[in-house]
Amino acid sequence: MDQAETAHQDLPRRAKVREYLIQPLERAGLVRPPKMTAAEHEAMLDKLQDRLGYLPPELLSTLAEVLLRLAEGPLLNRWPAFATIWNNAMRLMPPPDDEAHIMTSWLASIEGPVARSGGYLVELHEFLRRHGRPPGSYEMGKIREAAADNGRRRQRIEEWIAKGHAKGEDRQWLDWYLRRLAQCEALVRAGEDKRAAKGAAA
């Protein structure tokens, strides 16, 4: 892989979707459907950049070719619906578990800071990963209980490490938990930054 290809691989996720999917389709002549306002169309493109960044450049290019064949309207030059685009992206490659929309959107919403302050970010993330939906009130109680148990476990392992008594599986669990916590906190911060930027622009 040459330097140019490496640079393209390392593009930020949203920029990658623009370069390999949106811009090629716009250059090919795709236009927004007449029943969709310009603002609605821009919102859809923005959503595509948020949701499709997990795809590598080559699959984004493949998806662009697929969508060009699925163009709608009498002149076959209108963008397909978001559902059509998403379903075809899923056929090419489903998103990783950690990128399923419910996990990223829920933690990036106003629920993220609440979970962070409550100390159950990791446990909420694990629930969303398993069930693919927000928890109910009873399930939130279980999530908080799991967080309390994990907090005690984390404290014990850190004490064992300090004394040199920790086992390998204890260290592995703690490493996993801290990595997951950092990922969850990054999602929360991203959501906060996005809301702050919208507030500043308003």
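Description of the structure in this document. Note that the structure is predicted; figures quoted are calculated from it, not measured. Along each chain, numbering runs from 1 in the same order as the chain's sequence is written. The predicted origin of the model limits local features to residues at a pLDDT of at least 70 and limits the giving and counting of side-chain atom pairs to 80 or more, whereas totals for whole chains, interfaces and linings rest on all residues. Heavy atoms throughout the structure, all of them, feed into the side-chain values; hydrogens and water do not.

**Considerations on the packing of aromatic side chains**
Each Phe, Tyr or Trp ring, with Trp reduced to its six-membered ring, pairs with another whose centre is within 6.5 Å; inter-plane angles below 30 degrees give stacked pairs, above 60 give edge-to-face pairs, and intermediate values give tilted ones. Across all of its chains, the model carries five aromatic pairs by this definition. Each ring, one from Trp-173 and one from Tyr-177, has its centre 5.1 Å from the other, and the planes form 25°; the classification is stacked. Residue Trp-173 and its partner Tyr-177 are located together in helix α10 (residues 168–201), separated by four residues, close to a single helical turn. Seen from their ring centres, Trp-176 and Tyr-177 are 6.1 Å apart, and the 65° between their planes marks the pair as edge-to-face. Think of it in three bands: residues with accessible area under 20% of the maximum for their type are buried, residues over 50% are exposed, and the middle band is partly exposed, with areas taken using a 1.4 Å probe on protein chains only. Given a relative accessible area of 27%, Trp-176 falls into the partly exposed group. Here Tyr-177 falls in the buried class, since its relative accessible area comes to 5%. Each residue in the set Tyr-54, Phe-82 and Trp-86 is aromatic and connected to the rest through ring pairs, giving one cluster. Throughout this description, the term charge over a ring refers to an Arg CZ or Lys NZ atom that lies within 6 Å of the ring centre and within 35 degrees of the ring normal. One cation-aromatic arrangement involves Lys-47 over Phe-82; the distance from NZ or CZ to the ring centre is 4.2 Å. Note that Arg-51 overlies the ring of Trp-86, its terminal NZ or CZ placed 4.3 Å from the centroid. Under the scheme used here, helices are H or I runs from DSSP no shorter than 4 residues and strands are E runs no shorter than 2 residues, and both carry numbers assigned from the N terminus.

**Brief notes about the nonpolar core**
Of all hydrophobic cores here, the largest spans 23 residues; its most connected members are Leu-21, Leu-48, Leu-52, Leu-55, Leu-63, Trp-79 and Ile-85. Grouped together as the second largest cluster of nonpolar side chains are 20 residues, Val-122, Leu-128, Ile-143 and Val-188 included. Note on terminology: a nonpolar core comprises buried Ala, Val, Leu, Ile, Met, Phe, Trp, Tyr and Cys residues joined through side-chain atoms within 4.5 Å.

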